[in-house]
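The chain contents come next:
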Amino acid sequence: MPINYDELMAMKAIGQNYAYTDREVMLYAYGIGMGADPMDEKELAFVNEATAGPRPLKVVPTFASVAAWGAGPGDMKLNRVLVVDGERDITFHKPLATAAKITADSSVLAVSDKGKGAVIRHQTILRDEGGAPLATLVASRFARGDGGFGGPSGGIPDPHPVPSRAPDRSVEISTRPDQALIYRLCGDRNPLHSDPEFARRAGFPRPILHGMCTYGLTCRAVLQTYADYDASAFRQHAARFSSPVFPGETVTVDLWKDGDVISFEARVKERNVTVIKNGKTVLG
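These lines cover the structure that appears in this document, whether it is placed above or below. (Residues numbered from 1 in each chain as written. Predicted model: local features only at pLDDT ≥ 70, side-chain atom pairs only at ≥ 80, totals over all residues. Heavy atoms only, no water.)

The next subject is helix α2 (residues 22-31). Looking at α2, one finds that the buried residues are Val25, Met26, Leu27, Tyr28, Ala29 and Gly31. Elements in contact with the buried residues of α2: β1 (12-20), α3 (41-47), α4 (179-183) and α6 (211-225). Within two residues after α2, Gly33 carries a phi angle of roughly 95 degrees, on the positive side. (Buried < 20%, exposed > 50% of the residue type's maximum accessible area, 1.4 Å probe, protein only. Helix = DSSP H or I, 4+ residues; strand = E, 2+ residues; numbered from the N terminus. Contact = heavy atoms within 4.5 Å.)

Although it is not a glycine, Asp228 adopts a positive phi angle of roughly 50 degrees. In this fold, Asp228 is placed in the loop between α6 and β7 (234-241). A relative accessible area of 56% places Asp228 in the exposed class.

To continue, consider the pattern of salt bridges. A side chain with one charge can pair with a side chain of the opposite charge if their charged atoms come near. Across all of its chains, the model carries 13 salt bridges by this definition. For the salt bridge of Glu24 with Arg23, the shortest nitrogen-to-oxygen distance reads 3.9 Å. Relative accessible area serves as the criterion here: at 29%, Glu24 is assigned to the partly exposed category. The exposed category is assigned to Arg23, whose relative accessible area is 55%. Among the salt bridges present, the one from Asp254 reaches Arg267, with a minimum N-O distance of 2.9 Å. In this pair, Asp254 is assigned in strand β8 (residues 250-258) and Arg267 in strand β9 (residues 261-268), connecting sequence segments 13 residues apart. In this structure Asp254 comes out as buried when scored by relative accessible area, which is 9%. Shared partners join several salt bridges into a network, and the residues in it are Arg165, Asp168 and Asp258. (Salt bridge = Lys/Arg side-chain N within 4 Å of Asp/Glu carboxyl O.)

Next comes the structure, spelled out in structure tokens:
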């Protein structure tokens, strides 16, 4: 069934209720590879609750992407096999607690007809129990089989320009062959990341790593380089997904620092393929 533009633009869901504990916080950090070295105390702070001494559990900023997993405007009736993440942009209003009850307000921002495919941008605002905003998540999904419905072709913001100079710093992050099987426990159980046959039907030789896991890897790169593992320093983290990562590959994140703005891109070392473009982190 083709996209009904007016119906899709009108979709919203207000006051969706969610809760999470330190278990979900630690699982997410482990899902993006933190704690691989159990003696690295800076990363251990994100995957191990304090049992003695003044070392409280920290929350990875991009945990906001799974804190209310499943929140959204509703069923968009897209061809799930052909839907991939396009962009993600999170604005952080205040640090997330290690456990909380939260609500989520979701709405569709734009639907762009790209001919064969369509780009849908939607927003979710996470709020604490008092209604104060915690984070605003803007997602862009590319529905590769749902275009041609006669809608507008614009409505997509211009990407963040990455500096043309050589990167100021580069970070290599290894992924595990079973990384997608771990990360999917954070909520995204799309079989594209776990079922070889489903992945082949979607056009991939084997299951791919979640785009949002790669997004989390870029957050790790900024955390360890320019944020000194201070999660509260993050004001925004945005990126465009350009190509998939296969579990087991090494992701090289190139970073540029200009004041409080960190630009970044990521590529797979083994194949020299860019997987994240136009990345932007704002620290404060």
